[in-house]
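Reading the structure
So you can see what is in the structure, the chains are spelled out below.
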Amino acid sequence: MSAFHALRCLTALLALAPLPATADALIDNLRGVTLDRDQRVVRFQAIVIDAQGKVVRLVPVGEQPPRPTKKNPGPRYDWRADMKGRVVLPGMIDAHGHVIEQGLAALSLDLSDTRTLAEAQAKIRDYARANPERQWIVGRGWNQEQWGLGRFPTAAELDVAVPDRPVWLARADGHAGWANTAALKAAGVTAATADPAGGRVEKPLGVLVDNAQALMERVVPRVGPKDRTAAFLAAQQILLGYGVTAVADMGTSVDDWMTYRRMGDIGALRVRIMAYGGGIDAMVTIGGTGPTPWLYDDRLRLEGVKLYADGALGSRGAWLKAPYADAPGQRGLPFLSDDKLQNWMSRAAMDGYQVAVHAIGDRADKQVLDAIAELSETYKGDRRWRIEHAQVLDPADMAAFGRYGIVASMQPTHQTSDRAMAEARLGPARLAGAYAWRSVMAAGAKLAFGSDFPVEKPDPWAGWAAAFTRQDAQGQPPGGWQPQEAVTREQAWWGFTGGASYAGFADAKFGILAPGQRADFIVVDRDPVTATPADLRRTTVQETWIGGQKAWERK
């Protein structure tokens, strides 16, 4: 999608929603399915919506309207929408994503579909030739595991594709970047450059891991407001097309926030965004003395802060208690000392911000759990501490999730994508605590599911299917990977709806279809409760409605 096309979407977006939002309405002739707060399936045949775009009631299946009389002519609605017998569900919520990054990925070089180094080199070369005006070539999505390379790529291998100008390409997980010689020279990175705290300069030169990426990011051209607007519009179209009506935007920058505000001011912000500032400075700059109020009819709020305890498993930045099985000299990269982590978490909590901490390795998770235990003595009440990913846990540490009411914000499609890599990185002994959704839930955690887009596609249907099967799109492995950690179909659905809204302190606003909730719903081509896992993955969203207004329609 080009930036020009994304901006054209703005005109179409503003033209969409011909139905008035300020009148009582009846949405009927539908086959409705939702979950109640006890995660029980509820079926309905119509939705009554009030002037504020909130659900008044769900009309039960089989209910007949009373016969009108002169004295009681029955309910009258200012407008009605006929769903033509199609399936209607609550909008899906992604509990962990990166909105602007998703849009930038759609508008730049994307290597996520490359299967070999040579294929990636060819795609990079073609992109550079097609964009001679770009002073830097930037993109994302490469994965040396997907290429079967067995190591990181080098600057020399990137020079083969583009030798004449800087190239900087983010790894699929965003926790490493690949640079060519021209980019390394621009950043002043040499073989003598020391590893920064929480980062690693790979040798031979080419890849910078975690905090070492800052060495490059200080010289890469900044993304300007026009490109951010185009990125947002592209991302919003992608999300709405998957039926995602709300997201937790993890690591929101001040520039991101201003983009959302500009879109809200002109009525172009459709998807709901629960924002978490990218560090303490961004949090305070945006929120000031605490979380912002909900803006634009509950479409935008700064809820808290996103912090990092470690890196990612694929780049061996995840902080482990014991060495990596496939790299015995490495345990990963701790980002913060215990004191600094607790100080930053305390700084947020003292002003009522919610705290979300990225922790993938078992040692990083233990550090965050210990910090929460310490801070819970001071900061009482409903804090909903969040651990993002909780990907590799020591089973001995899981009880703390229930003890402190911690939200485990996890991504089912990470498990299906990472399975072979995780086995290599961790070895068999640690797999019992890897992507352990059922065990974490049994320990008392509140589960919230997402995709970590653009690391994975923002596809809740793939995530839903993976969560209760532990299998990928090809049905592999037979019987599921570590199948004892699968959750039920309903629990998985809740993770992408009510669980995700609870995780963002939005459960009083949206997340399920029930009286008083925002009327966020989607029209799909099948009943997900009865679909096979393979059919569930093939679900097609036909319409996406937010606050009782049509926000997107498949053409």
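Everything below is about the structure shown above.
Because the structure is predicted, anything quoted here is derived from the model rather than measured.

**What about the packing of helix 9 (residues 280-287) against helix 10 (residues 338-349)?**
Contact geometry for helix 9 and helix 10: axes closest at 11 Å, N-to-C directions at 10°. One element, helix 9, and the other, helix 10, form an angle in the roughly parallel class. Across the interface between the two elements, Ile280, Met283 and Val284 of helix 9 pack against Trp344, Arg347 and Ala348 of helix 10. The class makeup of the residues in the contact of helix 9 with helix 10 is five nonpolar, no polar and one charged.

**Regarding the packing of aromatic side chains**
For any two aromatic rings, the description comes down to two numbers: the centre-to-centre distance and the angle of the planes. Evaluated as defined, the whole model comprises 13 aromatic pairs. With centroids separated by 6.3 Å and ring planes inclined at 80°, the aromatic side chains of Trp142 and Phe152 adopt a geometry described as edge-to-face. Of this pair, Trp142 sits in strand 7 (residues 137-142) while Phe152 sits in the loop between strand 7 and helix 4 (155-159), placing them ten residues apart in sequence. For Trp142, a relative accessible area of 0% gives the class buried. Ring pairs connect the aromatic residues Trp142, Trp147, Phe152 and Trp178, which therefore count as one cluster.

**Some points on the sheet that holds strand 16 (residues 386-389)**
A sheet is described by the order of its strands in space; here eight strands give the open sequence 5-12-13-14-15-16-17-18, paired in parallel fashion. Taken across any chain shown, the strands that pair with only one partner, and hence form the sheet edges, are strand 5 (92-97) and strand 18 (446-449). Sheet twist, expressed as the average angle between the axes of neighbouring strands with direction ignored, equals 25°. Two strands pair when backbone bridges link them, and strand 13 (residues 272-278) and strand 14 (residues 300-308) are joined in this way by six bridges, in the parallel orientation. From the neighbouring strand, Gly277 faces strand 14, where its bridge partner is Val305.

The rules behind the values
Residues numbered from 1 in each chain as written. Predicted model: local features only at pLDDT ≥ 70, side-chain atom pairs only at ≥ 80, totals over all residues. Heavy atoms only, no water. Axes fitted to C-alpha atoms, helices over the stretch in contact; angles between N-to-C directions. Helix = DSSP H or I, 4+ residues; strand = E, 2+ residues; numbered from the N terminus. Parallel < 35°, antiparallel > 145°, perpendicular 65-115°, else oblique. Contact = heavy atoms within 4.5 Å. Nonpolar A, V, L, I, M, F, W, Y, C, P; charged D, E, K, R; others polar. Phe/Tyr/Trp six-rings, centres within 6.5 Å; stacked < 30°, edge-to-face > 60°. Buried < 20%, exposed > 50% of the residue type's maximum accessible area, 1.4 Å probe, protein only. Pairing = 2+ DSSP bridges.

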